[in-house]
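So you can see what is in the structure, the chains are spelled out below.
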Amino acid sequence: MTIGDIVSLTRDAVAQIISLIAPILIVALIVGLIVAIFQAVTSIQEQTLTFLPKLLVILLLIALLAGTMFTSLGEFTIRLFQKIPDIAK
């Protein structure tokens, strides 16, 4: 196994992580921004107000995207297992 192969595996792993996490982080950012604007407009400075909406939206998004996330992660894992004989050489 060459350094190029290791870099390729690492790049693929990082790309997989980013593709799985990005939708959740983007939606959490948008919800946080909306709640922050609401707090600024209404002068409510309660710190716990941002927690519950973000938590609910993240849980809902994970429930909706779980199938595609697990499928993508499963395909990546299968590709890794198929590369094991090449790694052992």
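In case you missed it, the structure is sitting above this.
First things first, this report covers the structure right here in the doc. Not measured: the values here are computed from a predicted model.

### A closer look at the overall build of the chain
1) Next: Check the secondary structure of the chain and you find three helices and zero strands.
2) Next: Of the regular secondary structure in the chain, the N- to C-terminal order runs α-α-α.
3) Next: Taken against the 2.2 N^0.38 rule, which gives 12 Å for 89 residues, the C-alpha radius of gyration of the chain at 19 Å runs more than 25% over that of a compact globule.
4) Next: If you take every contact in the chain between residues at least 6 apart in sequence, the share linking residues at least 24 apart comes to 67%.
5) Next: In the form shown here, the chain has an accessible surface area of approximately 6700 Å², with 77% of it arising from carbon and sulfur atoms.
6) Next: Computing the positive centroid from 5 side-chain charges and the negative centroid from 5, the chain places the two 4 Å apart.

### Some remarks on helix H2 (residues 51-82)
1) Next: Most pronounced at Leu-65, the bend in H2 amounts to some 60 degrees.
2) Next: Taken residue by residue, H2 has Leu-61, Met-69 and Phe-76 as its buried positions.
3) Next: Buried residues belonging to H2 abut helix H1 (3-42).

### Concerning unusual backbone geometry
1) Next: Even without glycine at this site, Ser-43 takes up a positive phi of about 60 degrees.
2) Next: You can see Ser-43 is positioned in the loop between H1 and H2.
3) Next: Taking relative accessible area as the criterion, Ser-43 reaches 57% and is therefore assigned exposed.

### A word on H1
1) Next: The end-to-end C-alpha separation of H1 is 56 Å, in line with the 58 Å expected for 40 residues at 1.5 Å each.
2) Next: At Ile-21, H1 is bent by approximately 40 degrees, the largest bend along its length, and proline Pro-23 sits one to four residues beyond.
3) Next: Three or more residues of H1 are buried, namely Leu-9, Gln-16, Leu-20, Ile-24, Ala-28, Val-31, Gly-32, Val-35 and Gln-39.
4) Next: Tucked inside the fold, the buried residues of H1 contact H2 and helix H3 (84-88).
5) Next: At the C-terminal side of H1, Ser-43 shows a positive phi close to 60 degrees.

The rules we used
- Residues numbered from 1 in each chain as written.
- Predicted model: local features only at pLDDT ≥ 70, side-chain atom pairs only at ≥ 80, totals over all residues.
- Heavy atoms only, no water.
- Helix = DSSP H or I, 4+ residues; strand = E, 2+ residues; numbered from the N terminus.
- Rg over C-alpha atoms; globule rule 2.2 N^0.38 Å.
- Contact = heavy atoms within 4.5 Å.
- Areas by Shrake-Rupley, 256 points an atom, 1.4 Å probe, with all protein chains shown as cover.
- Lys, Arg positive; Asp, Glu negative; His and termini not counted.
- Charge placed at Lys NZ, Arg CZ, Asp CG, Glu CD.
- Bend = angle between axes of the 7 residues up to and from the residue.
- Buried < 20%, exposed > 50% of the residue type's maximum accessible area, 1.4 Å probe, protein only.
- Expected span 1.5 Å × (residues − 1).

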